Amino acid sequence: MESSLLPNIVSFLSEVDPFDLLHEEERHALAASVDILYLKQNENLPGEHIVGQGLYLVRTGAIDQNHPDGSLRTRLGDKDIFGFSQLYREGECDYVIKAIENTLLYRIPKQVILELMDQNPGLRNHFSSQESVRLAHSSAHIDGEEALYLRNVRDVMNRRVARVSMDTSIRRVAEVMTEMHRSNALVFDNKILKGVVTDRDLTTRVLAVGMDPASPVSDIMTSRPRTVHPDAPLMQAIEVMMQHNVRSLPVIENGEAVGVLTATSMVENSHVQAVYLISQIYRQNTLQDLVALVPQRQGVFEALQEARVDGRAIQQMVTLIADAFNKRILQLAEDKFGPAPIPYAWFCAGSQARFEMHLGSDQDNGLILQWEPEEHEAEYFKTLTEFVCEGLDHCGYPLCKGNIMASNERWRVPLALWQDYVRQWVAENNPQNILDISVFLDLRFLYGTEHLVAALKQSLLARVERNHRFFAILVANSLRVSPPLGLFRKFVTTRDGDNRQVLNIKKQAVNLVVELARVYALAAGSSATETIHRLRDAANKKVINQASRKELQEAFQFINMVRFKHQNEAAVAGGLQDNLIAPDKLTAFERNHLKDAFRIIARYQEAAQQRFHAAGILI
Amino acid sequence: MTGGLFDRFHPLAKQEKQRLQALKRTDIPDIARPLFEHPVPQADTPLGKLECVVLDFETTGLDPTKDSILSVGMLNLKYPFMSLSSAQHYYVKAGEKIVPDTAVINHITPETLKGGMPPQQLCEVLVKALAGKIVIAHWGWIEKEFMHRLLGIPADVKVPLVFLDTLTLEKTMVFNDGVIEPDFRLAGIRERRGLPPYLAHNAFADAVATGELFLAQVTDIFGRRTPLLGPVVRRSVAV
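Keep in mind that this is a model prediction, so the values were computed, not measured.

### Remarks on the overall build of chain B
Move 1: Assigned secondary structure in chain B consists of 11 helices and 6 strands.
Move 2: Burial status across chain B gives 54% buried among its 239 residues.
Move 3: Within chain B, contacts between residues separated by at least 24 positions form 68% of all contacts whose residues are at least 6 apart in sequence.
Move 4: Carbon together with sulfur atoms contributes 56% to the accessible area of chain B, which is approximately 11400 Å² in total.

### Notes on the interface of chain A and chain B
Move 1: Contacts between the two partners involve 26 residues from chain A, matched on the other side by 27 residues from chain B.
Move 2: The junction of chain A with chain B conceals about 2100 Å² of combined surface from both sides, 63% of it contributed by carbon and sulfur atoms.
Move 3: For aspartate 220 of chain B, the salt bridge is made with lysine 40 of chain A, and the minimal N-O distance between the two is 2.9 Å.
Move 4: At the boundary of chain A with chain B, the tally comes to 5 residue pairs in polar contact (both at pLDDT 80 or more).
Move 5: If one sorts the elements of the side of chain A that touches chain B by residue count, strand β1 (residues 35–39) of chain A sits on top with 5 residues.
Move 6: Broken down by class, the residue content of the side of chain A that touches chain B amounts to 15 nonpolar, 5 polar and 6 charged.
Move 7: Judged from the 2 bridges that link them, β1 of chain A and strand β3 (residues 81–83) of chain B form a sheet pairing that is antiparallel. Among the inter-strand pairings, aspartate 35 of chain A is bridged to a residue of β3 of chain B, identified as serine 83 of chain B.

### Points about the confidence of the model for chain A
Regions with low pLDDT should not have their predicted coordinates read in detail.
Move 1: Averaged over every residue, the pLDDT of chain A is 83; the share at 70 or more is 86%.
Move 2: Every residue in residues 615–619 of chain A scores below 50 in pLDDT, and together they form 4 contacts with partners more than four places removed in sequence or on other chains.

### Some thoughts on the environment of threonine 226 of chain B
Move 1: Along the polypeptide, threonine 226 of chain B turns up in the loop between α10 (203–222) and α11 (229–237).
Move 2: You can call threonine 226 of chain B exposed: its relative accessible area is 52%.

### Brief notes about the nonpolar core
Move 1: Among the nonpolar cores identified, the biggest contains 112 residues, and Trp346 and Trp418 of chain A are the most heavily contacted of them.
Move 2: Residues Ile36 and Leu123 of chain A together with Tyr198 and Phe222 of chain B belong to the second largest nonpolar core, which totals 66 residues.

### A short note on the sheet that holds strand β12 (residues 222–223) of chain A
Residue and element names in this part refer to chain A.
Move 1: On the basis of which strands lie adjacent, the open sheet formed by 4 strands has the order β9-β10-β11-β12 and mixed pairing. Since the sheet does not close on itself, it has two edges, and those belong to β9 (163–165) and β12, each with one partner.
Move 2: Against the sheet, helix α9 (residues 199–207) contacts β11 (192–198) and β12, and its axis sits at roughly 70 degrees relative to β11.

### Description of helix α2 (residues 11–23) of chain B
All names here are of chain B.
Move 1: Between its first and last C-alpha atoms α2 spans 18 Å; for 13 residues at 1.5 Å apiece the expected length is 18 Å, and the two agree.
Move 2: Those residues of α2 lying buried are Leu12, Gln15, Glu16, Arg19 and Ala22. The buried side chains of α2 occupy one side of the element, clustering within an arc of 125 degrees when seen end-on. Of the exposed residues in α2, the ones pointing more than 90 degrees away from its buried face are Lys14 and Lys17.
Move 3: Buried residues along α2 sit in contact with α3 (33–36), β6 (162–165) and α11.

### Things to note about the sheet that holds strand β2 (residues 44–45) of chain A
Residues and elements named next belong to chain A.
Move 1: Strand order in this open sheet of 4 strands is β2-β7-β4-β5, and the pairing throughout is antiparallel. Sheet topology places β2 and β5 (72–76) at the edges, where each strand pairs with a single neighbour.
Move 2: Pairing of strand β4 (residues 63–66) with β5, which is carried by 4 bridges, proceeds in the antiparallel orientation. Bridging across to β5, glutamine 65 finds its partner in threonine 74.

### A look at the packing of aromatic side chains
Move 1: Using the criterion set out here, one finds 18 aromatic pairs over all chains in the structure.
Move 2: Measuring from centroid to centroid gives 5.7 Å for tryptophan 411 of chain A and tryptophan 418 of chain A, while their planes differ by 25 degrees, and the two rings are stacked.
Move 3: Across the ring face of phenylalanine 12 of chain A, the terminal group of arginine 59 of chain A is positioned such that the distance to the ring centre comes to 4.4 Å.
Move 4: Residue placement shows arginine 192 of chain B over the ring face of phenylalanine 184 of chain B; its charged tip is 5.8 Å from the ring centre.

About the criteria used
- Residues numbered from 1 in each chain as written.
- Chains lettered and ligands numbered in written order.
- Predicted model: local features only at pLDDT ≥ 70, side-chain atom pairs only at ≥ 80, totals over all residues.
- Heavy atoms only, no water.
- Helix = DSSP H or I, 4+ residues; strand = E, 2+ residues; numbered from the N terminus.
- Buried < 20%, exposed > 50% of the residue type's maximum accessible area, 1.4 Å probe, protein only.
- Contact = heavy atoms within 4.5 Å.
- Areas by Shrake-Rupley, 256 points an atom, 1.4 Å probe, with all protein chains shown as cover.
- Buried area = accessible area lost by both parts, 1.4 Å probe.
- Salt bridge = Lys/Arg side-chain N within 4 Å of Asp/Glu carboxyl O.
- Polar contact = N/O pair within 3.5 Å; in protein donor to acceptor, adjacent residues only side chain to side chain.
- Nonpolar A, V, L, I, M, F, W, Y, C, P; charged D, E, K, R; others polar.
- Pairing = 2+ DSSP bridges.
- pLDDT = per-residue confidence, 0-100.
- Core = buried A, V, L, I, M, F, W, Y, C linked by side-chain atoms within 4.5 Å.
- Axes fitted to C-alpha atoms, helices over the stretch in contact; angles between N-to-C directions.
- Expected span 1.5 Å × (residues − 1).
- Arc of directions from axis to C-beta.
- Phe/Tyr/Trp six-rings, centres within 6.5 Å; stacked < 30°, edge-to-face > 60°.
- Lys NZ or Arg CZ within 6 Å of the ring centre and 35° of its normal.

In structure tokens form, the structure reads like this:
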């Protein structure tokens, strides 16, 4: 059999995760082993064709995989795979396969797939029956720091070079460096690089020793400087700088100085860029200047994405930047309107409190006053909060649609009143109260008098603790949305059979884990606000076991990874950064792994429902 | 389906009668004889019980007396599965010169064919692969006529194989669809049915494509009923 005659099937297989991992020859052999069959719409695939038979691939069409009770397990489309879980089994099939469109299927015989797995660890991991193991292998995380060092000098160097000649006076060199905002200058003799001079040289070799600034720069420059090629790995350049104790490296390509690499430029251009941006934020003195920094947020986000920094770290960076904007605007407000007449605490709620912000996040915040304000004091806080919330809006943190902001007088009250709110929320659980409390269950101090926030959190936890009824309601509320197990092609089918055109990855996936973690954390008496920390605390207090923690964490990270990729692509294309993903925009890889993640979530939702007797309350 | 009257006039019954008559003749070449030795299956045989072979020839032209077979693609189909592991593909040493035009279509060059199989050997391969099997082809006239010629079967004796024809099948199915001048080329039919596009004009790829189409057609014709040979044959001979 000439393998070149299977081009269609081979090229199809090369697009299917994980067969894209195979060598070309292996793929040809695989293609040559395929059995082909066809299901008409509404036709079932008999279980005896599945159990112990092989692995199925959907070539074209769509099928439903239903539980024996008829409920939907998952929905599969082009390039989706099923049958692996039945490979080692005998007897009845665990699920029913029914075509919902005319469907062409490929079947890879059991023997063939087993042999391939034998030879190929990547495939073995992929088909590991544990969803979380599959997810863990899905994202080959490159650590942020490592990613930075894997970059080339060219990516990071500063292209603006201050050039002077040997006989330029030291004073003139200092002027050029100041004008060009450079910390160094390259010294040339005609076109030949002769030396480097840095701001440190100006301090140590001129000022400290009282040298005449009219002297030529050649007197103080470092001669015959080390240089680096733009294609050199950054790590190598750093080593050179460390070894020779230099702060600037001229970058030379074909005898031309094309840039300079400095310690600062490495900071500016790496994911430490976020740190740099934060330091910039605190240096701005007007709202306008802050607004001018906003585009850099996008830059930071893109850089982190490109460096494949993991989703959680990205969220943290994005949140830290938001915190900085928020705090700086508060400082500017206090400069503008004078110091606060009574102690207050500004806190953030929702995703910001959880360190789970992304570029599209709006603001959620509130203010706690130490005691009841006088009228003019109340006026001060009204002015202050309006300035801050609007300022945040200008800086790319849109006003909260639910009006959960300190500028709303309801959320700008003394501690005693906040504590009254809490009592009401827990005692009278009407839908609005549930909504409110789920926002304020995620609470983080940001600015002002910290103990006010701690006190509010404390009363929240105390009220909620051992209140089974409240837990049941909270859980029931969080279970209203279930993950879209039928995610495929144009439709996202929820368990209740609802067809949607798009996946709302926040509402239908991210939030579900956030809510589960919140419930677990409350049950564990943890005041943590980050989802990952909540899972950790819940596991440490044995509310959930470590394996559950791991599974949920993997699912959460993968979902967020898909979400960030989507938002980054939208941002790069200049589009709206929403949470709505058209399923056909997902790669087969993402779709398959999202399904794994959704199955994990669905399982824990079910467990939570049983555990907190949520079903009983709903009726 | 099993009524005597029905069976007697069924094309399969007629073919069985012809086969038995041909067996008595002495002018059937020895090489082709095994094809005549397997009884033609009954009309009420479930497709799932029959061994089928999807067959495709690439030829230099449409005239079996002048043109020759360039390549052959075959694979086994046992409803509802078609197995690529059973696939066979051969180039044939051409008796005549290759027309450059067909080389363009088939991507089969004289160089490819130098290493091909002599026609005599192809006879053996075909007879071995097809004896006792049902043949599935798209516009099977080509395969039937070229094989007739290749095997040297007397002009008044038919090739004793049951041919199922995906082109004719399709015509019986779209008749009422209101399609004006539908495209009955394999690729056209597949496109209408939402089957994936494939690389055409390669005997092996065409055979796979034909087999997939056949699976889809059978599912369409029978729905939830068990597919039987008889009805497919009837539709295959009706034009």
